[in-house]
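# Examining the three-dimensional arrangement
Chain by chain, the residues:
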Amino acid sequence: MIGQPITLLLQEFAAGDRSALDRLMPQVYAELRKLAGSQLNRERSSHTLQPTALIHEAYIRLIGDSQP
């Protein structure tokens with residue numbers, strides 16, 4: 001399912017539309033999984049990291065200790 005363009009949703013969220021975040025996140029997550037999968041396909045065949053795990057690891061590193 002293709003929703004609204006990500007840029008438009010970001011603009012709506014920045015303008016105060018909190019519901020835009022609910023429409024934005026699934027699209028961003030799907031795109032990140034696609035990019036992670038593409039990147040992992042270029043890695044050695046014996047790696048065990050999955051696209052979802054790669055995204056979650058990146059998120060944890062981005063937020064650092066600022067979140068529980």
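Scroll up to find the structure this text is about.
First things first, this report covers the structure right here in the doc. (Residues numbered from 1 in each chain as written. Predicted model: local features only at pLDDT ≥ 70, side-chain atom pairs only at ≥ 80, totals over all residues. Heavy atoms only, no water.)

Turning next to the packing of helix H1 (residues 6–14) against helix H2 (residues 19–41). Where H1 meets H2, the axes come as close as 9 Å, and the angle between the chain directions of the two elements is 150°. Relative to H2, H1 is oriented so that their crossing is left-handed. Between H1, through Ile-6, Leu-9, Leu-10, Glu-12 and Phe-13, and H2, the contact on the second element is made entirely by Ala-20, Leu-21, Arg-23, Leu-24, Gln-27 and Val-28. (Axes fitted to C-alpha atoms, helices over the stretch in contact; angles between N-to-C directions. Helix = DSSP H or I, 4+ residues; strand = E, 2+ residues; numbered from the N terminus. Left-handed = near helix turned anticlockwise from the far one by under 90°. Contact = heavy atoms within 4.5 Å.)

Here the focus is helix H3 (residues 51–63). Taking 1.5 Å of rise per residue, the 13 residues of H3 would be expected to cover 18 Å, and the 19 Å separating its terminal C-alpha atoms lies within 8% of that figure. Immediately downstream of H3, the backbone of Gly-64 shows phi near 60°, a positive value. (Expected span 1.5 Å × (residues − 1).)

It is the contact of H2 with H3, at a shortest axis distance of 8 Å, that shows an interaxial angle of 110°. Considered as vectors, H2 and H3 are oriented roughly perpendicular to each other. At the point where H2 passes H3, the crossing takes the right-handed sense. Here Tyr-29, Leu-32, Arg-33, Ala-36, Gly-37 and Leu-40 of H2 come into contact with H3, specifically with Pro-51, Thr-52, Leu-54, Ile-55 and His-56. A per-class count over the contact of H2 with H3 returns seven nonpolar, three polar and one charged. (Parallel < 35°, antiparallel > 145°, perpendicular 65-115°, else oblique. Nonpolar A, V, L, I, M, F, W, Y, C, P; charged D, E, K, R; others polar.)

Scanning the model with the defined rule gives four salt bridges in all. Across the pair Glu-12 and Arg-23 runs a salt bridge whose closest N-O atoms are separated by 2.6 Å. Taken as a pair, Glu-12 in helix H1 and Arg-23 in helix H2 lie far apart in primary sequence, eleven residues in all. A salt bridge links Asp-17 to Arg-23, with the shortest nitrogen-to-oxygen separation between them at 3.6 Å. When its relative accessible area of 28% is taken as the criterion, Asp-17 is described as partly exposed. With relative accessibility at 32%, the residue Arg-23 sits in the partly exposed group. (Salt bridge = Lys/Arg side-chain N within 4 Å of Asp/Glu carboxyl O. Buried < 20%, exposed > 50% of the residue type's maximum accessible area, 1.4 Å probe, protein only.)

Turning our eyes to something else, we now look at the environment of Pro-5. The residue Pro-5 is located in the segment before H1 in this model. Between the alpha carbons of Pro-5 and Gln-27 there is a distance of 8.9 Å; along the sequence they are 22 residues apart.

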